[in-house]
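The residues making up each chain are set out below.
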Amino acid sequence: MKRVWSRRSFLSAAGGGALVFAGPAGRADAGPAGEVHEAMRTAWRGLVLGGGFPATEEPFRSRLAELGEQAGGWATAMAPSPGSLWPDLGYATDPEKMMQSYYRLRTMAEGYLRPGTGLTGDGGLLASLLSGLDHLHTEVYHAGQVRYGNWYCWQIGAPQALLDLCVLLYEELGAARLGRFCAAVDHFVPDSAVASYSGTSTGANRVDLCRVLALRGVVGQDDAKTALARDALSPVFPYVTTGDGLYRDGSFVQHTWVPYTGTYGAVFLGGLGMLFALLKDTPWRITDPGAQTVLDAVERAWAPFLFNGLVMDSVSGRAVSRGLLVSDARQVQQDDHTRGHAVLAGILLLAEGASATERIRWRGLVKGWTARSYYSHPLADRTLGLSALARLADLRTDPTVAPAPEPVGHRLFASMDRATHRRPGWAASLSMASRRIAHYETGNGEHLRGWHTGSGMLSWWGSTYGNGQYSDAFWPTVDPYRLPGTTVARKVLADGAGGDWGASRPDAAWVGGSTDGEFAAVGQHLRGLGSTLEARKSWFFLTDTVVCLGAGIRASDGVPVESVVDNRNLGAAGTHALTIGGIVQPARSGWSATFTAPGWAHLAGFGGYVLHGPGSFKALREERTGRWSDINRGGAATALTRRYATLWYDHGRDPVDAGYLYQLLPGADTARTAARAAESAWLTLLANSAAGQGVSVAPLGFTGVNFWQAGAVGPLEASGPCSVMVRVRGDGTASLCVADPARALGALTLVWHRPVATVLSRPPSVVSAVAGKQLRIEFGSLTGSAGSTQQVVVRLG
């Protein structure tokens, strides 16, 4: 029989080179069926261990030596006793400790199998591995055991690690052990775990469960299990309109209410990459045409949130609080860069199962992000496994792949209340919340003070500066009531306020906006978490600036209400000069002052701010000390201190109708900031009230209006609440972009008071569009567009 996996397919999945194994090379099963399963086990070993990397060169030499030291240390510390395999991982009441025990054994197996660890093929290490596996099976993870605690440990975490061990140590374990371990997996992960696409069996969790079933089929030579795993993947492929999964606009949601492209999305991506590679060229290859949705999502869903190798925190949920965990024996910090590197590795893995065109394009994207990762290079990432490092190292030296440049454009993710904006030299990300999307997610004692991340947090990075802004202990040290861009009532909130797993959703529908793919008008009807705060916030994303408006800001909690212009992390010893109105302000910690608007400010190394007002704005320099344990119960308790420079509008206690207007100018120097402040004709404020917010910028041909209710703002009239963006171009054409963020409109009439010669194109939702001295557009319905933008293109009269 022809081998199911060709050598080329195996080497591609393994990372481009041969592998060195210490275990016996003979087959335990024979015949045609056995050959299939042996080939699949070999492929999985390649996916797990990687290959083709020079074990004697950096960063691999050091990582292999560290792996050997860690594996040997755990073998020495192993002390099997009732309720634990290691003294510090007592699992009698906590299955996460049982899961972590399997992870340790998996790492020990890598130390045994990999070359260059100092323990390659070591008999004593193998004996410890077998003893540990037997102990866990006898004590806790066996058929008949009743589950307790977190379901994830029993159905995903532990069985994934156990089955990896079964593949890695297949010959060493023997048939009897393999049979017992497979029976244990069958007990905790029966076929019924994927019978219904609901509950905990959706999105990334479903992919993880399918990985368990597929490996169970390979290890136990059970073709029905492997076929079930393949078939059970199909529900994750179609676009969803509610709940968990991928949306047509590129959104990725997990836990029903939480944007999760960066973490669960990475698991989703990496898990599918592993399964696509495992099943490719086998009788169970994935043939569902819906799988193309996942491949398309690389550029639609993941790429917009990647910048210089990092993945934006706005789509990483409670994972942003996992900086340094007590349970991590290596004490390696996680951050937006390490999470981003995992996504890069996942894209490379998925590329192996994609078309040749997609593979070339994606490798160019990853090479570009990697080349620009000046702050934290992926090949220096100690959180990445060696197989991921091998794929990234192979790409770095591949002369056939050119690094793709950073794109310019705007992406609005209406289904998860997120937006990204990219310009030459910088990028930004906006986080909002609505009835559909939570203010933040807490759970399992994580992300305890992320209350206001959905209150309009505006994060931004420069192409060559500020890439450590949120990586350098930002989350444990920042004032959680002063996240950049947010409007917040400073009412004291308890840790985890609002409830676990995305329960903190505001009663607000109008959240979203309109975009032509380069500029955008975005708005949020803000309702505060745990307070009476209500506000209308708008952002107009343009060439070198984000114009930020606030209106109708009111509350009655007896506490100050603030709108934070920015809150920059200056690091442990930063002394970045703060210039306000041309005067350099004191650099000492604890300095603060109030300034009259309009005015401007500039923070050296970052950019400028034009503060139009109304009223006054405040500035502060401070040192803040926090601990990862403050925001994550599993976090390290080491005190960390960082310096911050903060600008904000103080609306006072219980404001009735407060507002603000300012411009953010990333990368601007003092001269450009001062010039923009003096250029009064550049920006025209059309409206800033609870009825509507709008601006026009004549040099850009831009007009943007967020109608909170029917009315007229500047040259635009709308018969109902909507977001409108107009772009007049130099070729005599203009585009009008319209969206219904609240998803409540039936028909909509929009009038643009501008002479128009003819309508060049329009979407099917337009019933009629009449040109002349003014353009009148009748939309039959925008409700079905799920908040997405509808565009009409006209030739001007």
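These remarks concern the structure in this document. Computed from a predicted model, the values in this text were never measured in an experiment.

1. Some words on the pairing of strand 24 (residues 684-688)
In the sheet, strand 24 pairs with strand 25 (residues 692-697) via 4 bridges, with the strands oriented antiparallel. Paired with L685 across the two strands is V695, which belongs to strand 25. Hairpin connection from strand 24 to strand 25: 3 residues lie between these consecutive antiparallel strands.

2. Remarks on the packing of helix 11 (residues 292-302) against helix 12 (residues 336-351)
At their nearest, the axes of helix 11 and helix 12 sit 11 Å apart, and the two run at 150° to each other. Of the possible angle classes, the one that applies to helix 11 and helix 12 is roughly antiparallel. Judged by the twist between their axes, the crossing of helix 11 over helix 12 is left-handed. Listed contacts from helix 12 to V294, L295, V298 and W302 of helix 11 are V343, I347 and L350. Among the residues making up the contact of helix 11 with helix 12, the classes are represented as 7 nonpolar, no polar and no charged.

3. A few points about the pattern of salt bridges
Overall, the coordinates contain 44 salt bridges when judged by the stated rule. The residue R624 makes a salt bridge to E622 at a minimum N-O spacing of 3.8 Å. On the accessibility criterion, E622 (15% relative accessible area) is buried. Each member of the salt-bridge network shares a partner with another, and the members are R106, E110, R114, D164 and R211.

4. Description of the nonpolar core
Membership of the largest hydrophobic core comes to 151 residues, with the highest contact counts inside it found for Y102, L105, Y141, L169 and F268. Looking at this core, the element that brings in the most residues is helix 6 (residues 151-168), giving 12 residues. Once residues lying within four places of it in the same chain are set aside, the contact partners of F268 are G203, A204, V207, V236, L246, F252, V294 and W302. By size, the runner-up hydrophobic cluster in this structure holds 45 residues, among which are A419, A428, Y465 and V559.

5. Quick word on the packing of aromatic side chains
Here the structure, examined in full by the defined rule, presents 27 aromatic pairs. Geometrically, the ring pair formed by F53 and F60 is stacked, given 4.6 Å between the ring centres and 20° between the ring planes. Under the relative-accessibility criterion, F53 is labelled buried at 15%. Relative accessible area serves as the criterion here: at 2%, F60 is assigned to the buried category.

6. Quick word on unusual backbone geometry
Between E58 and P59 the backbone carries a cis peptide bond, its omega angle lying at 5°. Mapped onto the secondary structure, P59 falls in the loop between helix 2 (31-49) and helix 3 (60-77). With an omega dihedral of 0°, the bond running from G613 to P614 counts as a cis peptide bond. Relative to the helices and strands, P614 is located in the loop between strand 20 (607-613) and strand 21 (616-626). The backbone of H447 shows a phi angle near 55°, a positive value even though the residue is not glycine. The topology assignment puts H447 in the loop between strand 8 (426-431) and strand 9 (457-462).

7. Description of the environment of A92
Tracing the backbone through its elements, the reader meets A92 in the loop between helix 3 and helix 4 (95-113). The class of A92 is exposed, set by a relative accessible area of 55%. For the pair A92 and E139, spaced 47 residues apart in the sequence, the C-alpha separation amounts to 9.4 Å. Those residues within four positions of A92 in sequence are excluded, and the remaining contacts are G83 and Y148.

8. With respect to the sheet that holds strand 17 (residues 583-584)
The strand order across the open sheet built from 9 strands is 11-12-13-14-23-20-19-16-17, with neighbouring strands paired in antiparallel fashion. Only two strands of the sheet have a single neighbouring strand rather than two, namely strand 11 (511-515) and strand 17. As paired strands, strand 11 and strand 12 (residues 520-527) are joined by 5 bridges and run antiparallel to one another. In the sheet register, G512 faces strand 12, and the bridge partner there is G523. Packed onto the sheet, helix 17 (residues 670-678) meets strand 16 (578-580), strand 19 (599-603), strand 20 and strand 23 (658-666) and runs at close to 165° relative to strand 19.

Reading the values: rules and limits
- Residues numbered from 1 in each chain as written.
- Predicted model: local features only at pLDDT ≥ 70, side-chain atom pairs only at ≥ 80, totals over all residues.
- Heavy atoms only, no water.
- Pairing = 2+ DSSP bridges.
- Helix = DSSP H or I, 4+ residues; strand = E, 2+ residues; numbered from the N terminus.
- Axes fitted to C-alpha atoms, helices over the stretch in contact; angles between N-to-C directions.
- Parallel < 35°, antiparallel > 145°, perpendicular 65-115°, else oblique.
- Left-handed = near helix turned anticlockwise from the far one by under 90°.
- Contact = heavy atoms within 4.5 Å.
- Nonpolar A, V, L, I, M, F, W, Y, C, P; charged D, E, K, R; others polar.
- Salt bridge = Lys/Arg side-chain N within 4 Å of Asp/Glu carboxyl O.
- Buried < 20%, exposed > 50% of the residue type's maximum accessible area, 1.4 Å probe, protein only.
- Core = buried A, V, L, I, M, F, W, Y, C linked by side-chain atoms within 4.5 Å.
- Phe/Tyr/Trp six-rings, centres within 6.5 Å; stacked < 30°, edge-to-face > 60°.

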